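Chain by chain, the residues:
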Amino acid sequence: MNQDLWTAVDAFVGDALIPEDDALTAAVRSSDAAGLPSIQVSPAQGKFLHLLAKIRGAKTILEIGTLGGYSTIWLARALPAGGRLVTLEADPKHAEIARANIARAGLAGVVDVRLGKGLDLLPAIEAEGVGPFDLVFIDADKPSTPAYFQWALKLSRPGTLIIADNVVRKGALADPASTDPNVVAMRRLHAMVSSEPRVSATTIQTVGSKGYDGFTLAVVNG
Ligand code: SAH
Ligand code: DHB
Ligand code: MG
């Protein structure tokens, strides 16, 4: 482990490629000031999500786990005119801060922040026909990640990109003896994806200012 080096490289990449942006800076500052946990994606990861959404040409995005809306803003900025992002957040304070941050970013008309537990809200999203979604970002309570993946599939169409955050968990993903419910869930996610003919997937390990972790990327086959 070399956290200082990973942080330094993320700072270098941020300076070089991700210029300071008032709305994103304010989103992090107001989230910190309100006492929200500082667990949002890093700037480099946020921009990566933004690029994935652009590459996919996503017009509809679903996010599960909003926090203060930092990743939400990155993703929503990739949408074309008329695009729409729905984000689900269980904590009322997080949702309130996120709505303010999203409005400050000029995205209030694009982003729908829904308050409630993901698994409680998803049936209504299906019933309303809000989807299908071109991109789903799963980043909420980790033990529910396999269940969110099933929902993402249900709300998908061919070509949909499903991304799950925090799957590598400092390498614990490879430990079959782990009893950590977060790790068990991410191992179950891999078993599920592995036996799911509807998707093609990989997992990428990452290091950076947030430590050692990684994400799973799955594309729904066309
Ligand atoms: N995507 C954000 C970070 C999300 S942190 C970013 O990168 O900027 C995880 C969020 O999931 C927290 O705000 C937490 O309150 C929320 N959460 C926890 N359990 C949840 C649930 N069951 N349903 C929806 N959100 C949940
Ligand atoms: C943590 C990091 C995350 O990206 C997340 O979504 C939840 C928790 C963490 O470092 O604790
Ligand atoms: Mg995360």
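Values in this document were obtained by computation on a predicted structure and should not be read as measured data.

A. Layout of the environment of G211. Topologically, G211 is positioned in strand β7 (residues 211-220). Taking the C-alpha atoms as reference points, G211 and K170, separated by 41 residues in sequence, lie 7.6 Å from one another. Beyond its immediate stretch of four places on either side in the chain, G211 contacts Q3, W6 and T206.

B. The coordination of the magnesium ion (ligand 3), seen in detail. Donor atoms from the polypeptide that coordinate the magnesium ion (ligand 3) comprise D139 (OD), D165 (OD) and N166 (OD1), at 2.0 to 2.2 Å from the metal. Each donor residue of the magnesium ion (ligand 3) lies on one chain, and together they are spaced D-x25-D-N. Of this pair, D139 sits in the loop between β4 (135-138) and α7 (145-154) while D165 sits in the loop between β5 (161-164) and α8 (181-194), and the two are 26 residues apart along the sequence. Considered together, D139 and D165 belong to a single accessibility category, that of buried residues.

C. A look at the site of ligand 1. Of all residues adjacent to ligand 1, which total 22 residues, the nearest are G65, E89, H94, G118 and D139. Taking A90, its main chain carries an N or O atom lying 3.3 Å from a nitrogen atom of ligand 1. Within the complex, 88% of the 580 Å² of free accessible area of ligand 1 lies under protein. When contributions to the shell around ligand 1 are tallied by element, the ones reaching two or more residues are α4 (70-76) and β2 (84-89). Looking at the shell around ligand 1 residue by residue, the classes come out as nine nonpolar, seven polar and six charged.

D. The nonpolar core, seen in detail. Judged by nonpolar contacts, the single largest core of 31 residues is most densely connected at I61, L75, L135 and I163. Taken together, the elements giving at least two residues each to this core come down to α2 (22-33), α3 (43-56), α4, α5 (92-104), β3 (111-115), β4, β5 and β7. Residues in contact with I61, not counting those within four places in the same chain, are A53, L75, L79, R84, L85, V86, F133 and L135. If you look at the next biggest cluster of nonpolar residues, it comprises 29 residues, including V86, I138, A164 and M186.

E. Region of interest: α7. Among the 10 residues in α7, seven count as buried, and that is most of the element. Three or more residues of α7 are buried, namely T145, P146, Y148, F149, W151, A152 and L153.

F. Focus on the sheet that holds β3. Spatially, β3-β2-β1-β4-β5-β7-β6 is the arrangement adopted by the seven strands of the open sheet, whose pairing is mixed. Unpaired on one side and paired on the other, β3 and β6 (199-208) mark the two borders of the sheet. With direction set aside, neighbouring strand axes in the sheet form an average angle of 15°. Taken together, the four bridges between β4 and β5 define a ladder with parallel strand orientation. Among the inter-strand pairings, L135 is bridged to a residue of β5, identified as L161. Of the strands in this sheet, β6 and β7 are in contact with helix α1 (residues 3-17), which crosses β6 at around 105°.

What counts as what
- Residues numbered from 1 in each chain as written.
- Chains lettered and ligands numbered in written order.
- Predicted model: local features only at pLDDT ≥ 70, side-chain atom pairs only at ≥ 80, totals over all residues.
- Heavy atoms only, no water.
- Helix = DSSP H or I, 4+ residues; strand = E, 2+ residues; numbered from the N terminus.
- Contact = heavy atoms within 4.5 Å.
- Donors = N, O, S within 2.8 Å, 3.2 Å for Na, K, Ca; no water.
- Buried < 20%, exposed > 50% of the residue type's maximum accessible area, 1.4 Å probe, protein only.
- Near = heavy atom within 4 Å.
- Polar contact = N/O pair within 3.5 Å; in protein donor to acceptor, adjacent residues only side chain to side chain.
- Areas by Shrake-Rupley, 256 points an atom, 1.4 Å probe, with all protein chains shown as cover.
- Nonpolar A, V, L, I, M, F, W, Y, C, P; charged D, E, K, R; others polar.
- Core = buried A, V, L, I, M, F, W, Y, C linked by side-chain atoms within 4.5 Å.
- Pairing = 2+ DSSP bridges.
- Axes fitted to C-alpha atoms, helices over the stretch in contact; angles between N-to-C directions.

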